[in-house]
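# Inside the fold
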2 protein chains.
Amino acid sequence: MAKGAAGFVATLEDDIATGRLLPGARLDEVSLASRFGVSRTPVREALQQLSAQGLVEIRPYRGAIVSSPDPRKLMEMFEVMAELEAMCGRLAARRLTPEHETNIRQNLSACAQAAEIGDPDSYYFENERFHRAIYAASANAFLEEQALTLHKRLSPFRRLQLRVRNRLGVSQREHEAIVSAIVAGDSKAAARELRQHVIVQGERFADLIASLELQSRQTA
Amino acid sequence: MAKGAAGFVATLEDDIATGRLLPGARLDEVSLASRFGVSRTPVREALQQLSAQGLVEIRPYRGAIVSSPDPRKLMEMFEVMAELEAMCGRLAARRLTPEHETNIRQNLSACAQAAEIGDPDSYYFENERFHRAIYAASANAFLEEQALTLHKRLSPFRRLQLRVRNRLGVSQREHEAIVSAIVAGDSKAAARELRQHVIVQGERFADLIASLELQSRQTA
DNA sequence: CTCGTAAATATTGTATACAATCTTGTTGAC
DNA sequence: GTCAACAAGATTGTATACAATATTTACGAG
């Protein structure tokens, strides 16, 4: 556990991103305090930060829960994510350095391996690194930071998405097209491919959520 | 003053956006506490939120200051802002409703009036409302929120830019082109015009640096 | 048995007390 | 007079105590 109050912000972020804390899960202050071995004060400050970041929702006098955006908001978030990634791709295509190219290619082949094996968990992991490599290649540290933040926020949902049949293979082919465009310096194509790559995820996921809601309504 | 700890978050945001609190200004916890008539605890929580939002920088054991990004980061932020606004324009052109069109047109003429008088302060105010109208017209609440957040963060610097000679007139002509494109449903043109309107490059970059130096002299 | 009401309990929000760290001012050597 | 070391003061970080609100449980009327 890292030092200071800021330390467990990262820990909680990770718990949410990896699904150890599911959307809607309650975040009890005293439980968290005892878990981290501190008092409620620093825990509350961490929750405030997560709240400002949108990862957590604080309802006055009613406690904090992991944010669970409705399908509509989720679509909107994916729409913005798509645009941020498109922007990263556009800039990367224009500003690509040999170091970033190497980095992207390495992550691409790591993804390829995971896709071949067909393991969603390791693909999820490598996929994340691949996208991060593109953010970094934009040579815009602020954009990179914004993209990472939103990516984290969407992580819990992206994760489920990859379990859909055949998604790994399709995703990997899209990755290859993206890298081709970036390396060729074709900023328009890079932007277009990345936008599509992300948007599709959003659409598929909104469908998934909608069907889940329908199901639960039928059950209840 | 609004209720709860969240209340003075908005107050402080406003103080920073309007320049009552300049970049680099120190945010003393006890001063703020007595100003708002509360103890340090809720003040600290507010500062955490502002920190997560990027408006404030908290240095361990050394207090919080209003963020003052260096010129490079500022450029990067404007680059992202340009893309977000371009996206708003693109979506607005596709999804424009009569209500949003009316709203945008009203704000456009309010800007026109302020530009004619040549008052930077009232133009600043109306300009903000104009841009907000476009964010809203995107019909993507999450995008709107993101754009507003970044806009707030850039406010202290946008303000300076408007003091440059002739900027008001140029800005207003750009506004007209933007509205034309949106109303015509030309999403590509709307995106392009907004991107150009917001991005800082060429001589505007030099202007920005110059005004930054002026501002930092005030703080010190 | 069901529903509404109210007391009991639990949880969050705020204030205060104390500990840890930084900043400032003083003292003294050179 | 300048600089370093140290002490005094100020400020932030954390823990605890108390207040305000929400949730749960118990009870009684119908």
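Residues numbered from 1 in each chain as written. Chains lettered and ligands numbered in written order. Predicted model: local features only at pLDDT ≥ 70, side-chain atom pairs only at ≥ 80, totals over all residues. Heavy atoms only, no water.

## As for the packing of helix H6 (residues 120-137) of chain B against helix H8 (residues 167-183) of chain B
Residues and elements named next belong to chain B. To keep it simple, the criterion reads: Simply put, an axis is a line fit to the C-alpha atoms, just over the touching stretch for a helix, and the angle between two N-to-C directions goes from 0 to 180 degrees. Helix and strand definitions follow DSSP, with helices as H or I runs of at least four residues and strands as E runs of at least two, each counted in order from the N terminus. Throughout, the term roughly parallel applies to angles under 35 degrees, roughly antiparallel to angles over 145, roughly perpendicular to angles from 65 to 115, and oblique to all others. Take the far helix as the reference: if the near one is turned anticlockwise from it by less than a right angle, the crossing is left-handed, and if turned clockwise, right-handed. Two residues form a contact once any of their heavy atoms are found within 4.5 Å. Gly falls in the polar group here, along with every residue not listed as nonpolar (Ala, Val, Leu, Ile, Met, Phe, Trp, Tyr, Cys, Pro) or charged (Asp, Glu, Lys, Arg).
For the pair H6 and H8, interaxial distance at closest approach is 12 Å and the crossing angle is 20 degrees. When the interaxial angle is binned, H6 and H8 end up roughly parallel. Between H6 and H8 lies a crossing whose hand is left-handed. Within the contact between the two elements, H6 uses Pro120, Tyr123, Asn127, Phe130, His131 and Ile134 and H8 uses Leu168, Ser171, Gln172, His175, Ile178, Val179 and Ile182. Split into classes, the residues belonging to the contact of H6 with H8 amount to eight nonpolar, five polar and no charged.

## Side note on the sheet that holds strand S3 (residues 63-66) of chain B
Across a sheet, strands are paired by hydrogen bonds formed along the backbone, either parallel or antiparallel in direction. Residue and element names in this part refer to chain B. Quick note on the threshold: Two strands pair if DSSP finds at least two bridges between them.
Taking strand neighbours across the sheet as the criterion, the three strands line up as S1-S3-S2 in an open arrangement whose pairing is antiparallel. One side of each edge strand has no neighbouring strand; the edge strands of this open sheet are strand S1 (26-27) and strand S2 (56-59). Pairing geometry for S2 and S3, over four bridges, is antiparallel. Its bridge partner being in S3, Val56 is matched across the sheet by Val66.

## Structural notes on the relation of the copies chain A and chain B
Convention followed: Overlaid copies result from least-squares superposition on C-alpha atoms, with residues included only where pLDDT is at least 70 in both.
With an RMSD of 1.3 Å, chain A superimposes on chain B once it is rotated by 180 degrees and translated 0.0 Å along the axis. Put plainly, the chains are arranged around a two-fold axis. Most of the interface of chain A is mirrored in chain B, where 100% of its interface residues are also at the interface.

## Overview of the layout of surface pockets
As a reminder, the rule being used: Using a 1 Å grid laid over the protein atoms alone, points where a 1.4 Å probe fits but cannot get out form a cavity; open sets with protein on both sides within 12 Å along at least 5 of 7 lines form a pocket; any residue with an atom within 4 Å of a point counts as lining. Grid points are joined across faces, edges and corners, and a volume is the space filled by probe spheres set on the points.
Of the voids in this model, the largest pocket is the one considered here, and its volume is about 1000 Å³. Along the walls of the largest pocket sit 41 residues, with Ala52(A), Gln53(A), Ala52(B), Gln53(B) and Gly54(B) positioned nearest its centre. Among the secondary structure elements, those contributing two or more residues to the lining of the largest pocket are helix H1 (4-17), helix H3 (40-53) and helix H7 (141-161) of chain A together with helix H1 (4-17), helix H3 (40-53), S2, helix H4 (71-95) and helix H7 (141-161) of chain B. In terms of residues, the lining of the largest pocket owes the most to one element, H7(B), which gives nine residues. A per-class count over the lining of the largest pocket returns 17 nonpolar, 13 polar and 11 charged.

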